[in-house]
Amino acid sequence: MRAKLDDPISVIWSFEATTRKVRIHKLHWQQRDYVPQAIDFHHRSQQGNTLLHIFSVSDVQAGLCFKLVFNTRFLTWTLAEVADAFGS
C-alpha cells in the first residue's frame with residue numbers, strides 16, 4: 001500500500017549544531033503517534049521562493065514509511081506519502 005497525501009502533521013524534531021544533523025523524534029498523524037527510528041533519506045527542493053526539506057523516515061514497529069515535507073517559509077510539516085514498510 002502506498003498513498004499520496006497532503007496532510008498537515010505535528011512533528012517533534014531537533015537539530016544538533018555540532019554535527020549539523022536533524023533528528024525526528026515523533027510525528028503525530030490521524031490521532032496516533034509514530035516514532036521513526038532514523039532518517040532514511042533527506043533532500044531539498046525549491047518551490048518558487050520556498051525551500052522544502054523532504055525526509056523519508058520509517059517506523060519499524062508500525063510497519064510504515066513516511067515522506068515528510070518541512071516548509072521553511074511557513075515552518076509547517078506535511079505528510080506527503082505513507083507506505084507499507086514491508087511492501088504488501
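Check the entry above for the structure.
Remember, it's a predicted structure, so these values are computed and weren't measured experimentally. Think of each chain on its own: its residues are numbered from 1, step by step along the sequence as written. The predicted nature of this model means local features are confined to residues of pLDDT at least 70 and side-chain atom pairs, given and counted, to a pLDDT of 80 or more, with totals for whole chains, interfaces and linings taken over all residues. Think of the side-chain values as coming from all heavy atoms in the structure, minus any hydrogens and water.

Novice: Can you lay out the sheet that holds strand β4 (residues 32-34) for me, pointing to particular residues and giving the numbers?
Specialist: We treat two strands as partners when DSSP finds at least two bridges between them. Labels follow the DSSP assignment, with helices taken as runs of H or I lasting at least four residues and strands as runs of E lasting at least two, numbered in each case from the N terminus. In space, the 3 strands of this open sheet follow the order β2-β3-β4, with antiparallel pairing throughout. Each edge of the open sheet carries a strand with a single partner, namely β2 (10-16) and β4. Adjacent strand axes in the sheet meet at a mean angle of 15°, parallel and antiparallel pairs treated alike. Here 3 bridges tie strand β3 (residues 21-29) to β4, and the two strands are oriented antiparallel to one another. Fitted lines through C-alpha atoms give the axes, limited to the stretch in contact for helices. The angle between two N-to-C directions lies from 0 to 180 degrees.

Novice: Report on the sheet that holds strand β1 (residues 2-8), specifying residues and quantitative values.
Specialist: Read across the open sheet, the 5 strands follow the order β1-β8-β7-β6-β5; overall the sheet is antiparallel. Strand pairing shows two members of the sheet lacking a second neighbour, β1 and β5 (38-47), which therefore form its edges. Averaged over neighbouring strand pairs, the angle between their axes works out to 20° when direction is ignored. Summarising the sheet, strand β7 (residues 64-71) and strand β8 (residues 76-84) pair through 8 bridges and their orientation is antiparallel. Each residue of the ladder has a partner; that of Cys-65, found in β8, is Ala-83.

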